[in-house]
Each structure stands twice: as C-alpha cells, then as structure tokens.
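Here's the letter readout for the chains.
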Amino acid sequence: MFPFQMRPDEIIREIGEFNARLVQGVHTLTEIGDVDVGFSRKHLVYQEDKMMLYHFEPRAEKINPVPLLIVYALVNRPYMADLQDGRSMIQGLLDVGLDIYLVDWGYPDSADHFLTMDDYINGYIDRCVDVICDKHKLKQINLLGICQGGTFCLCYAALHPQKIKNLITTVTPVDFHTKNDLLSLMVRNIDVDLLVDTLGNIPGELLNWTYLTLKPFRLMGQKYMDLVNMLDDKEQARNFMRMEKWIFDSPDQVGETFREFVKQFYQGNGLVKGTVVIGGKKVDLLKITMPVLNIYAAIDHLVPPDSSKALRGCVGTDDYSEVEFPGGHIGIYVSSKAQKMIPSAVRDWLAKRT
Amino acid sequence: MFSGNDWLEIQKQYLEAFRVFNQFLPGIKVKPDQSINPVRDTAEFWWKSVSQNLPAGSAEFVGKILEQGKIYYSLGEQFSRLLNDINKLDKSRSGWESLLGQQFEDLKTLFSKSDKEADETLHKMFGAWQLMPMDTLQRTFSLASIMPGDFLGDLKRDSLQKVTDKFLSMPGVGYTRESQEQVLEGIRLWNEYQTISHEYNQALYKVGIGAIDAMRDKILAMAKEDKELKSLRDIYDLWIDCNEESYASYVYTPEFSELYGRLTNALMAVKQHGRNLVDEYLGALNVPTYKGINTLQKRQYDMRREQKTTLRKIQDLEKVISDLEGRKHQATPTPTEIRKPVLSVVKSRSTGKQKMVVKNIARTRNRNKTTAAGKKTTKHMKNDNVIVIKL
C-alpha cells in the first residue's frame, strides 16, 4: 500500500495550523510570567560554605520518629524533588508522615574547585548527619540519595555505617560499565586530568549539553514540537517552563570532585570493584549492613537500570529490596505515576524497619 | 509592531503562492537553494519582530520551537514535492518507490556537499545536527575561554593548513626562540585538533547518511505492512526516530568513545596551551595569573580544611567533657559508687610509721567487708587504686 495518505494541500494546512498554534503560544508565554519552583515549606537549619541543610515542615499528624536526610546530586538543582504542588516527591514523603531534611549543594565557583569527595562525604554529609542526630537526640538516621547523591550515600553508608539506620537509593549509578551507559562511554577516553587542569570547575553548560546529546533529536527538537500542541493551555505551558528551568539550571561541577568521580567511578568502575578510596579510606560496600531499598527507573537513559541493579550483589546487608519504577530518570520524581507509587513504597518499607 | 495576525495573513498569501507555484513544478528536484520556502522566511521575519517584546527566557524558548518549526517546514516542502510528483504517477509500487529513492539520493548528495548553501539546507532538515557534541564542546569551551568570543570557530582548518606547514618547519632562533617555539607548538596543537575534528565530522556525516537510508527503508517497510503516514507530524516523528536510531547505532560503540575522547583531549590541549601563553603575558605585566590564583586557592583550601579538622576535634573533645560532666551530675551517689579519691594518713601497726594513703573509700569498704585478713586486704587495695606514699 502507498504509505502517504495525505495530499500536498493537507500538508500545507497542517503547517498553517502549526503556525497558528505557535502564534497563540507566544501570547501564552507573554502572559504566564515567571515560574516558581520549590513548593514545600522548609527552614534552613545548618549552613556550611555554600552547602545548606533544610528541614521541611511536617504535613502529617503521625510522623516517623527517625528523620530522613535526602542527598541530591551535584548536578542540577534539588528543587526537582519538590518542583510544584502535586509534582513533588518531597511533598509525597511529607504527606505519608516522614520527617524530611534536604542537602542543597548551592552553586560552587572557582574558589571551591579544590573541594574533594572527602570534603563532600566525610565533611558536609557527615556534619549534616551529626546536626540531625543532635537535634533529634538519635544515634542513627535514615538516608536517601538521588542519582549521584545516591552514589555519595553509598560511600557514606560504607564509611559510617554506625550512623545510618536505613539506606534508600534512587536512580543511583553503581556499576558504571554496563553496556548501554552512553555517559560512561563518552567520558571513558577523556583525559580528565587535562580537562580539570585546564578548565578548573567543569561548566554546568557543558554538562547540560552532554545530557542533551544522549538523545539530541528528541531532547533538542521533538520535545519543543510537542510543546506547541499544549501552548494554548497556560497551566501546561507553565509546567513545561518549570521543567525547562530545572533542566538548564545547572551549577558548575567542582573540579577536583569531578576528577575523582570520573576517574574512580566512571573510568575505573571502582564502586563495584571495591577500589574507590575517599579521604584515604577504601569504600567497601560490604560494610553496608543496614537495610537497603534500591529504587530505579525502567527506562532511564541517564542511569541504565542495570547500573543501579548491580547494587544487589555488592552490599553486605541481608535486608535488600528493589522497586522498579515504570518510567524515566526524571519521571520518578515528577510524574503523577511516581507521586502515587514512590512515597507510599518508601513509607511502608521504612515503617517495617523503624 | 508586526502582529501575529498580520503574519498569518501574509502567510496565507504566501501559502497560496506556494501552492500555485508548486503545481507548475512537478519534476522539481531538491536543490541547495531553498529560499523558495516562503513559510520559513516569513516565520523568521515574524519572529524577529515579536521576539524583542518577549521576556528573555521565553524568547529563547520560542526560538527553539521555531528552529524545530523550520525543520517541519522543510520536511513539508520536501514531501509536498514528492507527493506532487507521485500524484502524476499511477502509484504503482515501482513508480513511487523509484521517486522516493531518488528523493533520498538527492538528499544524500546534498548532505555530502560542504558548501555553505548545503550546510544551511541541512541545518533546516536536520536541526539538531548543529547542536551535536562537536559544536557543544567548542561553544562551551569558548565560553570558558579567556579569549573573547568563539575564537576557535574563527580559525578554519583549510586556511590554517596552508600556513602551518611553513611555520612548523621553521626552527626558533635568537633571543625570542622560546616564544617562537610556543607559538609553533600552539599551531601544531590546533592543527591536530582540526584533524580530529574533521574525523569526527566525517563520522557524524555517516550517521546522517544512515538516518536518510533508515527513513527510506522504513517508508518502504510501511508500504509492505500496510501502515500509513497520515500527517506531516507523522513524517516529522519518523524522521526524528530515524535520526535517533542512526545516532545511537554509532555512539554506543567503542569507536565513538575513543574518537570523542581524542577530540576532547585535543581541544583541551589547545586551550591549555593558549591559557599558558596568556598567563605568561599577564605575568610580564605583573597582573595576577591563573597559576598564581590557583596556588592561592589551594593554600586557602588547605588552611580551611585544617581549620575544620581542628574545629571538629575541639567539638568532639567538648562533647566528651560535656558527657562526662552530665554523667557525674546524673549519677545517684550511693556509698558503693563513690569514686572520689580520699587522702588520709594511717599508722602502720607493725612499724608504727605513718603513711599517707590516697584511696577509694567504696572499694576499701568493699574489701573490708569481704576480706577478713588484713594483709590480703592491703594487697588488694594496692591493686585497686590505692596509692601509698611513705612518709
């Protein structure tokens, strides 16, 4: 059968419709103004250099007595976990009765470029844990890591197991050499020493574009064509702009930490090989003996599911659980499906272990 | 201001002209000159007019949509022509397949040309190719560069090649020998980068060709499976799928990883060399250099780290002291738990000499209670925190 079931004039009419929607879309964009991000109410409880520790106001009557510290990645900004009302993992976790703290790394500049993973993990994260423990008069808290933040949490839990009651990792890379990991392939042959020695901090824009080039035609093209169809709806346009703001709100990466992370994790695959050394101490995942919940996304193009699932065979705990989210790397935090699934899964899992 | 309605009106006129124009060009082939697409040109004109009145974020945003719109227009143009041509045929299988094949061959020919017009046309068709890693690296590193603007982009391989051979064959001589060699090294590094960059572009060219082939094959496969393309948007989505597939088939290979690594490393080498040269000039002018600031920042970092470690130790000690004090206050003082040392003077029964004894009363009492023999008791007491000072 002849596959083109359209006439030339229909194509032209379609272009006309596209243009009309585009014109309407421009009107919509002029009317929606600035988009706000970060929905849940929170208070700054500790600050060190550019790092800030926030405590969220509770939203439920019955609260789990062990607080949950969320550690975000150094890439992009943590408000993705609290994007807007109804699209917020943090809001969901608060609603199910969890007491939430969040680490915000801020925007490092050139004066920060010597900070190492030791500073982040044994310094900032450890002091945040101490602050929360002191405040709640506890010896242990629960820890949840997001993406690279999850990798940091694994390192922290292996180095300070006595301080962590339960560990939750979400879309966290563990095995950095799975075959469908394009990010890993892209950095595998880069001379990271030369890169960091030359640039100092790694520009956030470079990371943005690197992520976009994983699927360039969809992420730089098709996505905007889809948007044209929803631009007549102000709320949908605002939602899209909010996500767009997050995608391109990308802090520079601290040079020395980037060097360590790429060399030890991406190039050396040291987390699964047991060769990662932070602050002079070897990171041995077998020392993670507390309960572990590993949540990964089935269609994650940034952290392939296999990379996250590799954790099962590496940790020393007997209490290991997995949750597969049927979506992508970002959808796990902002999609409506995730709002129903993730917070309740975390609550139930923690409730059995508190 | 040129409003959206004005644009739509003009666009209608253009579309009408386009349609009429198209009817009289049944056998038109794809040509580098694409200026006959009136919709795209008008859209661009409209955009220039309205973008000034949009907030910066929105303007950038709509700009991206419009970039995709141009691809949409170009696809529309290509396929309108194809359909016009096919309408002249009886739509027998071999007829339209042959036309389709020719259309895609023309596109491939165009893709292989390197002249400016072909570049522009391909940009309209491929869009995101202009945003490929190559361009990204250059743009980003230029942004981070100490040199103003995209200085890398202004140096063209062809023109540079003519002079590099001459320069590189000249030995440095005289008082400025060292700086001459630095310049030559810079040229050598740049030349190396350009060679790898060319290699990279060639690899992406193959990916582009792969996308064109994939599109043709998919359309032919759809015909066999009785599947339909019902709209321009369907064609656009298919085009995106083909590009992504072709791109993925290349980038998930060790060859890509190796080439991408070499490309980045070569560009970094150029940039680092340039920065070192500038540092030398700055040093000569007694202006702080990158190297000097780096040293300062490292020292400041080390001091700060040391200070934090010390502070932490002090806090730990304070906590220990506080815990000890808290324990002391919280404990209920029963006779058996009193640990406070007591200093007393005792007289020896056998010698009659006086001794100063520091002892724990509780333990002494315990021992006195449980042990009858005085000699044995004394021995135990000596082992249990009793200090005997002979006077």
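Structure shown above.
Everything numeric in this text was worked out from a predicted model, so none of it was measured. (Residues numbered from 1 in each chain as written. Chains lettered and ligands numbered in written order. Predicted model: local features only at pLDDT ≥ 70, side-chain atom pairs only at ≥ 80, totals over all residues. Heavy atoms only, no water.)

**Here we look at the overall build of chain A**
Move 1: For chain A, the helix and strand inventory stands at 14 helices and ten strands.
Move 2: Taking 354 residues into account, the globule formula puts the C-alpha radius of gyration at 20 Å, and chain A, at 22 Å, falls close to it.
Move 3: Over its C-alpha atoms, taken along the principal directions, chain A stretches across nearly 70 × 50 × 45 Å.
Move 4: Put simply, of all contacts in chain A between residues at least 6 apart along the chain, 79% involve residues at least 24 apart.
Move 5: Mean positive and mean negative side-chain charge positions of chain A (38 and 46 charges, respectively) differ by 5 Å. (Helix = DSSP H or I, 4+ residues; strand = E, 2+ residues; numbered from the N terminus. Rg over C-alpha atoms; globule rule 2.2 N^0.38 Å. Contact = heavy atoms within 4.5 Å. Lys, Arg positive; Asp, Glu negative; His and termini not counted. Charge placed at Lys NZ, Arg CZ, Asp CG, Glu CD.)

**Notes on the nonpolar core**
Move 1: Counting residues in each nonpolar core, the largest one holds 180 residues, and the members touching the most others are Phe4(A), Leu69(A), Leu167(A), Ile288(A), Phe79(B) and Ile219(B).
Move 2: Those residues within four positions of Leu69(A) in sequence are excluded, and the remaining contacts are Leu53(A), Tyr101(A), Leu102(A), Val103(A), Cys128(A), Val129(A), Ile132(A), Ile141(A), Asn142(A), Leu143(A) and Leu144(A). (Core = buried A, V, L, I, M, F, W, Y, C linked by side-chain atoms within 4.5 Å. Buried < 20%, exposed > 50% of the residue type's maximum accessible area, 1.4 Å probe, protein only.)

**Considerations on empty space enclosed by the protein**
All names here are of chain A.
Move 1: Applying the stated rule across the entire model yields six cavities of 30 Å³ or more.
Move 2: The space that makes up the largest cavity amounts to roughly 70 Å³.
Move 3: As for the largest cavity, its lining consists of Glu48, Asp49, Lys50, Met51, Trp105, Pro108, Asp112, Leu115, Tyr120 and Tyr124. (1 Å grid on protein atoms, 1.4 Å probe; cavity = no way out; pocket = protein on both sides within 12 Å on 5 of 7 lines; lining within 4 Å. Points joined across faces, edges and corners; volume = space filled by probe spheres on them.)

**Section: the pattern of salt bridges**
Move 1: All told, the structure shown has 41 salt bridges over all chains when counted by the stated rule.
Move 2: With a shortest N-O distance of 2.9 Å, Asp193(A) and Arg259(A) are connected by a salt bridge. Of the two residues, Asp193(A) is situated in helix H6 (residues 192–199) and Arg259(A) in helix H10 (residues 255–267); the sequence distance between them amounts to 66 residues.
Move 3: A salt bridge links Arg262(B) to Glu199(B); the shortest N-O distance between them is 2.6 Å. A residue pair is termed long-range when its members are at least 10 positions apart, and Arg262(B) in helix H11 (residues 254–284) and Glu199(B) in helix H9 (residues 177–224) qualify at 63 residues.
Move 4: Given a relative accessible area of 29%, Arg262(B) falls into the partly exposed group.
Move 5: Here the salt bridges share partners, and the residues they tie into one network are Glu48(A), Asp49(A), Arg127(A), Arg304(B) and Lys308(B). (Salt bridge = Lys/Arg side-chain N within 4 Å of Asp/Glu carboxyl O.)

**So, the pairing of strand S4 (residues 100–104) of chain A**
Each regular strand carries side chains that alternate between the two faces of the sheet.
Residues and elements named next belong to chain A.
Move 1: A large share of S4 lies buried, amounting to five of its five residues.
Move 2: Neither face of S4 is exposed, since Ile100, Leu102 and Asp104 on one face and Tyr101 and Val103 on the opposite face are all buried.
Move 3: As paired strands, strand S2 (residues 51–56) and S4 are joined by four bridges and run antiparallel to one another. If you follow Met52 over to S4, its bridge partner there is Asp104.
Move 4: Handedness of the β-α-β unit built from strand S3 (residues 68–71), helix H2 (residues 89–95) and S4 comes out right-handed. (Pairing = 2+ DSSP bridges. Right-handed = clockwise from strand over helix to strand, strands pointing away.)

**Here's the deal with the sheet that holds strand S5 (residues 141–146) of chain A**
All names here are of chain A.
Move 1: Read across the open sheet, the eight strands follow the order S1-S2-S4-S3-S5-S6-S9-S10; overall the sheet is mixed. At either end of the open sheet lies a strand with only one pairing partner, and these are strand S1 (42–48) and strand S10 (320–325). Recorded for the sheet is a direction-independent mean angle of 20° between the axes of neighbouring strands.
Move 2: Docked against the sheet, helix H4 (residues 148–159) engages S3, S5 and strand S6 (164–170), running at close to 140° with respect to S5. (Axes fitted to C-alpha atoms, helices over the stretch in contact; angles between N-to-C directions.)

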